[in-house]
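Overview (structure and organization)
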Amino acid sequence: MTDEPSIRLELAARSLAPRGELAGVFVIAGGPPTDTKSIEFSVLWRTSGKGTEDIGVVHYEAWKPDDGTLAALPNPNTFAVVLPPTPWSYNGNLVKIHWLARLRVRWESLGRTREVVKDVEFTLNPAARTSKW
Amino acid sequence: MPQPDPASPSPNSRIKRLMVVWFVGSLVTGFLGMALAVGAMFAQAPAWIMFVAFFAPATVFNLAYAAIFIPKAVRYAREAARNAPSPESTAAVAAGEGVEAGTTPKPILDDERGDFPTVEVVDTKPGKVLLHSLPRAGIPPGCQLGCVAIFAVLWNSIVSTFVFQAINDWNRGQVQWGGVLFLSPFVLIGLALIAVTLYLLLTVFVSLLVGRVEVEVSDHPIAIGGTSRIQLAQFGVVPLARVKVMLVCTEEATYVAGTSQSTAKRDVESKVISHPDEDPSGGALPLAAEFTVPPDAMHSFTAPNNKINWTIRVTGRVLGLLPFSNDFSVTVSPG
């Protein structure tokens, strides 16, 4: 896809403590695509493994052209999100819990909605536990 | 910003249109097949021609439909997903509590949210010796027995009709090996159901002999790395002997397989709290002990389809032979 925007999402740290602050920046190279429908930034945990996927979103922000927020989106955009105390990152047999920052860009191209999603994983663990999990 | 073309149908309506095409096509080709089969019958054609005439129109239609419309349907479905609200925007309503991905969650009220999101604290009752009396985990054996016994009776009643028919045929010397072969797996399932029913019957019998077992702890929820005292008592006719007490962590994953929902469970960590070989009384009740939750353990976790549960597992022997096992729910909190 030639018109796919190039996205960079970077975190200041990949290992965080419960109630810690996740800081980082995202950049959309060359700015958002011409017909952008939405840009969504979220911090979430999700499960993987044998069970159906569950997710929990602790931070969600959206910029859209309809409400004028897209025009005000700084590029690059820095963020700082305070994380909750739980759930901790976990790598079990049937259940795994991952934490990630996610940027989702949706735009219109040739009459169809396109999207690109960028995920960056990090871990949420108390210092005493990181050695095992 | 170009405005969407109002004449252009949405992906969802295009998927609906494809389904209507399939439904109408299947109906028409079904009737056509039936007409051709009837025509072949009146023309006294061989049986295989009637068979081909019946299935050919529907088969040709479905093959053509699959080749032309399925790639379109997949494309429309993907587009519909891209036009739908993102999973993150819907899940944000629940403010960090777990929801099944892609479903609409209930908003979580402030008074419903505990100190630790996704850590559901088990309800305890006031204990007689220690502060908290733990609830029993899982479905009681009596309920399990009831469900399995009803299913076993229904299954075996139906299967036995065919088995008696097969036995009658056998006695008349008309053995239909195809039928016997077809019936065998159903008979095996019936036997397995009887075995499970007998096992559950034994479990219920043992539970009746043992009576009520109470597990109490001094602290609840128990923090990771924290210590709690534990007290076990029995109120039943036959004494439970060689009692072993363990703190067990179990992962639980619910998934959809075909049209049914299943739950897989696996013990991933266990710590012995009291072992009969190390207990001066040889594991007799009442029993008092102290235990510490491992400092590198995972906290209790509850999401709609994925769980990490902690339990106190009590096992023992009745009359020196019959095995007994009960789990009691406990919450392990992060701090």
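In case you missed it, the structure is sitting above this.
Conventions adopted
Residues numbered from 1 in each chain as written. Chains lettered and ligands numbered in written order. Predicted model: local features only at pLDDT ≥ 70, side-chain atom pairs only at ≥ 80, totals over all residues. Contact = placed C-beta atoms within 7 Å. Helix = DSSP H or I, 4+ residues; strand = E, 2+ residues; numbered from the N terminus. Nonpolar A, V, L, I, M, F, W, Y, C, P; charged D, E, K, R; others polar. Pairing = 2+ DSSP bridges. Core = buried A, V, L, I, M, F, W, Y, C linked by C-beta atoms within 7 Å. Buried ≥ 20, exposed ≤ 12 C-beta atoms within 10 Å, placed from the backbone. Expected span 1.5 Å × (residues − 1). Bend = angle between axes of the 7 residues up to and from the residue.

Facing 42 residues of chain B, the contacting portion of chain A comprises 40 residues. Sorting elements by how many residues they give to the side of chain B that touches chain A places strand S7 (residues 240-257) of chain B first, with five residues. Partitioned by chemical class, the residues of the side of chain B that touches chain A number 23 nonpolar, eleven polar and eight charged. Taken together, the two bridges between strand S5 (residues 54-63) of chain A and strand S1 (residues 99-100) of chain B define a ladder with antiparallel strand orientation. Residue pairing across strands places Ile 55 of chain A opposite Val 99 of chain B, the latter belonging to S1 of chain B.

Time to look at the nonpolar core. In this structure, Val 215, Ile 230, Leu 232, Ile 312 and Val 330 of chain B are the most contacted members of the largest nonpolar core, which totals 57 residues. Broken down by element, the residue count for this core peaks at six residues, all from S7 of chain B. Setting aside its immediate chain neighbours within four residues, Leu 232 of chain B contacts Val 213, Val 215, Val 243, Val 245, Leu 285, Pro 286, Leu 287 and Val 314 of chain B. By size, the runner-up hydrophobic cluster in this structure holds eight residues, among which are Phe 26, Trp 63, Val 105 and Trp 107 of chain A.

With that out of the way, let us pick up helix H5 (residues 177-210) of chain B. All names here are of chain B. Over its 34 residues, H5 extends 49 Å from the first C-alpha to the last, a length consistent with the 50 Å expected when each residue adds 1.5 Å. Remark: the principal bend of H5, roughly 35 degrees, maps to Ser 184, with a proline, Pro 185, within the next four residues. Those residues of H5 lying buried are Leu 200, Val 206 and Val 210. The secondary structure elements touched by the buried residues of H5 are helix H4 (141-171), strand S4 (212-217), strand S6 (227-235), S7, strand S11 (306-318) and strand S12 (322-330). Of the residues one or two after H5, Gly 211 is the one with positive phi, at around 80 degrees.

The next point concerns the pairing of S4 of chain B. Residues and elements named next belong to chain B. As judged from the two bridges shared by strand S3 (residues 132-133) and S4, these two strands associate in the antiparallel manner. Residue pairing in the sheet places Ser 133 in a bridge with Glu 216 of S4. As paired strands, S4 and S6 are joined by six bridges and run antiparallel to one another. Residue pairing in the sheet places Glu 216 in a bridge with Gln 231 of S6.

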